[in-house]
Amino acid sequence: MYEVDLSVFDGGPNLEERCGVILQGADGAYKVFELENRSPSPKNRFIISKSDAETIDKRHGVIVGVVHTHPYRGMRTASPHDINSIPAGLFGIVYHPSTGSKVWYDHNGVTHEDLKRRR
């Protein structure tokens, strides 16, 4: 579960939260699809539209999680809101592009942390 390529989020100014879904293919591999952040306050929240997620070709796999970034100088960990908002049955990842930190969580709390210092 901890081998997810999040490099799609490494480009850009990293001033707002970016988001996407994580799909698992028949071979067990994970693939990330970035989607537009539909939040009216993208500097501190993200919203994924169900209709955006439904446009992803099902041949890529099934949605098993969501991922979002925390901007430069933002916290590297999952917030209580992140944990409380993830539906049961899915996992989430907070990715902090400025440091490369990754935090996995589900509706019960943080399940794994890979925290790093600023690059």
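Up top you'll find the structure we're talking about.
This is a predicted model, so every value here is computed, not measured.

(A) Here's a closer look at the overall build of the protein chain. In terms of helices and strands, the protein chain carries two helices and six strands. For the protein chain, the α and β elements follow one another from N to C terminus as β-β-α-β-α-β-β-β. Projected onto its principal axes, the C-alpha coordinates of the protein chain cover approximately 35 × 30 × 25 Å. With 119 residues in all, the protein chain has 44% of them scored as buried. Of all intrachain contacts in the protein chain linking residues separated by at least 6 positions in sequence, the fraction that spans at least 24 positions is 55%. When the accessible surface of the protein chain is totalled, it reaches about 6,800 Å², and 50% of it is carbon and sulfur. Separation between the mean location of the 15 positive side-chain charges and that of the 15 negative ones in the protein chain comes to 5 Å.

(B) Highlighting the packing of aromatic side chains. Across all of its chains, the model carries one aromatic pair by this definition. Ring centres of Tyr-30 and Phe-91 lie 5.9 Å apart, and the angle between their planes is 85°; on these two criteria the pair is classed as edge-to-face. You can see Tyr-30 sitting in strand β2 (residues 30–35) and its partner Phe-91 sitting in strand β4 (residues 91–96), a full 61 residues away along the chain. On the accessibility criterion, Tyr-30 (21% relative accessible area) is partly exposed.

(C) Seen up close, the side chain of Thr-99. Tracing the chain through its elements places Thr-99 in the loop between β4 and β5 (101–106). On the accessibility criterion, Thr-99 (4% relative accessible area) is buried. Within the local environment of Thr-99, its side chain forms a polar contact with the side chain of His-96, the two groups lying 3.0 Å apart. In this structure the side chain of Thr-99 is engaged in a polar contact, spanning 2.8 Å, whose partner is the side chain of Ser-101.

(D) Local environment of the pattern of salt bridges. As enumerated under the stated definition, the model contains five salt bridges in all. The residue Arg-38 makes a salt bridge to Glu-36 at a minimum N-O spacing of 3.4 Å. By relative accessible area, which is 42% here, Arg-38 ends up partly exposed. Across the salt bridge formed by Asp-114 and Lys-116, the nearest N and O atoms sit 3.9 Å from each other.

(E) Structural view of the sheet that holds strand β3 (residues 62–69). Ordered in space as β2-β1-β3-β4-β5-β6, the six strands form an open sheet in which the pairing is mixed. Bordering the open sheet on either side are β2 and β6 (109–114), each of which pairs with just one other strand. Between one strand axis and the next, the sheet turns by 25° as a mean value, whatever way the strands run. Of the strand pairs in this sheet, strand β1 (residues 19–24) and β3 are connected by six bridges, and their pairing is antiparallel. Bridge pairing in β3 places Val-21 opposite Val-66.

What counts as what
Residues numbered from 1 in each chain as written. Predicted model: local features only at pLDDT ≥ 70, side-chain atom pairs only at ≥ 80, totals over all residues. Heavy atoms only, no water. Helix = DSSP H or I, 4+ residues; strand = E, 2+ residues; numbered from the N terminus. Buried < 20%, exposed > 50% of the residue type's maximum accessible area, 1.4 Å probe, protein only. Contact = heavy atoms within 4.5 Å. Areas by Shrake-Rupley, 256 points an atom, 1.4 Å probe, with all protein chains shown as cover. Lys, Arg positive; Asp, Glu negative; His and termini not counted. Charge placed at Lys NZ, Arg CZ, Asp CG, Glu CD. Phe/Tyr/Trp six-rings, centres within 6.5 Å; stacked < 30°, edge-to-face > 60°. Polar contact = N/O pair within 3.5 Å; in protein donor to acceptor, adjacent residues only side chain to side chain. Salt bridge = Lys/Arg side-chain N within 4 Å of Asp/Glu carboxyl O. Pairing = 2+ DSSP bridges. Axes fitted to C-alpha atoms, helices over the stretch in contact; angles between N-to-C directions.

In short, the description is geometric, and any link to function would need to be established separately.
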